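So you can see what is in the structure, the chains are spelled out below.
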Amino acid sequence: MAASMNKVILIGRLGQDPKLSYTQSGQAVANLRLATDEGYKDKSGQWVDKAEWHNVVAWGSQAEYVSNYLGKGALALVEGRLQTRKWQDKDGQDRYTTEIVANRIQGLERRGGEDRPQGAPQDRAPQERRGGGQQGRPAQRQQASEPEEDLGPAFPSEASGMDDVPF
């Protein structure tokens, strides 16, 4: 049999706040909708935007991370695999759903909010989504006016006196 691969990598925005729940055994699971967009020119030369919606499921610590730190409008990178599940609706009809089972989700915006879209949440404390605080509503932390940490030059060539660095 030839080798195969099932890998999905997406960068998009969350369409709503993730829905966090726990299995009977206590494992965290989060469901979210991620929108990716692309555009093209139609026959008349007009630009047409097209969005594709993806169902994503995250488990364990990834589920808790998504629930605690990402919200509607947040830009995120999702890596995982495609999975199609079969289930029966209340009328006994077979239904199918295709989703991305994430093994890595990473927020792509700065926590300070400078790059955050309008309406996206600020930082969330983990306990606020697990029962403390308002139902399903993250509490907003007040932003202290802390200076950003100086991480030094972006490239070694920009630093003076670093001629002897071995890279």
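Not measured: the values here are computed from a predicted model.

(A) The packing of aromatic side chains, seen in detail. In the structure shown here, the tally under the stated rule is 1 aromatic pair. Ring plane angle 35° and centroid distance 5.7 Å describe the contact between Tyr 65 and Tyr 69, whose orientation is recorded as tilted. Within this pair, Tyr 65 and its partner Tyr 69 are both found in helix α1 (residues 60–69), separated by 4 residues, close to a single helical turn. The exposure class assigned to Tyr 65 is partly exposed, which follows from its relative accessible area of 26%.

(B) Molecular detail of the environment of Arg 33. Summarising the element assignment, Arg 33 is placed in strand β3 (residues 28–41). On the accessibility criterion, Arg 33 (30% relative accessible area) is partly exposed. Through-space distance from the C-alpha of Arg 33 to that of Asn 55 is 4.9 Å; in sequence the pair is 22 residues apart. With residues up to four places along the chain from it excluded, the contact list for Arg 33 reads Arg 13, Leu 14, Gly 15, Gln 16, Trp 53, His 54 and Asn 55. Here Asn 55 takes part through its side chain, which lies 2.8 Å from a polar atom of the side chain of Arg 33.

(C) Main features of α1. Looking at α1, one finds that the buried residues are Gly 60, Ala 63, Val 66, Ser 67 and Asn 68. The secondary structure elements touched by the buried residues of α1 are β2 (19–22), β3, β4 (47–59) and β6 (94–107).

(D) Just the nonpolar core, in detail. Ranked by size, the top nonpolar core spans 18 residues in total, and within it Val 56, Leu 70, Val 78 and Ile 105 carry the most contacts. When residues of this core are traced back to their parent elements, those giving at least two are β1 (8–14), β3, β4, α1, β5 (75–88) and β6. Per-element tally for this core: the top contributor is β3, with 4 residues. Here Val 78 is in contact with Val 8, Ile 9, Leu 10, Leu 34, Val 56, Ile 100, Ala 102, Arg 104 and Ile 105, once residues within four sequence places are set aside.

Rules used throughout
Residues numbered from 1 in each chain as written. Predicted model: local features only at pLDDT ≥ 70, side-chain atom pairs only at ≥ 80, totals over all residues. Heavy atoms only, no water. Phe/Tyr/Trp six-rings, centres within 6.5 Å; stacked < 30°, edge-to-face > 60°. Helix = DSSP H or I, 4+ residues; strand = E, 2+ residues; numbered from the N terminus. Buried < 20%, exposed > 50% of the residue type's maximum accessible area, 1.4 Å probe, protein only. Contact = heavy atoms within 4.5 Å. Polar contact = N/O pair within 3.5 Å; in protein donor to acceptor, adjacent residues only side chain to side chain. Core = buried A, V, L, I, M, F, W, Y, C linked by side-chain atoms within 4.5 Å.

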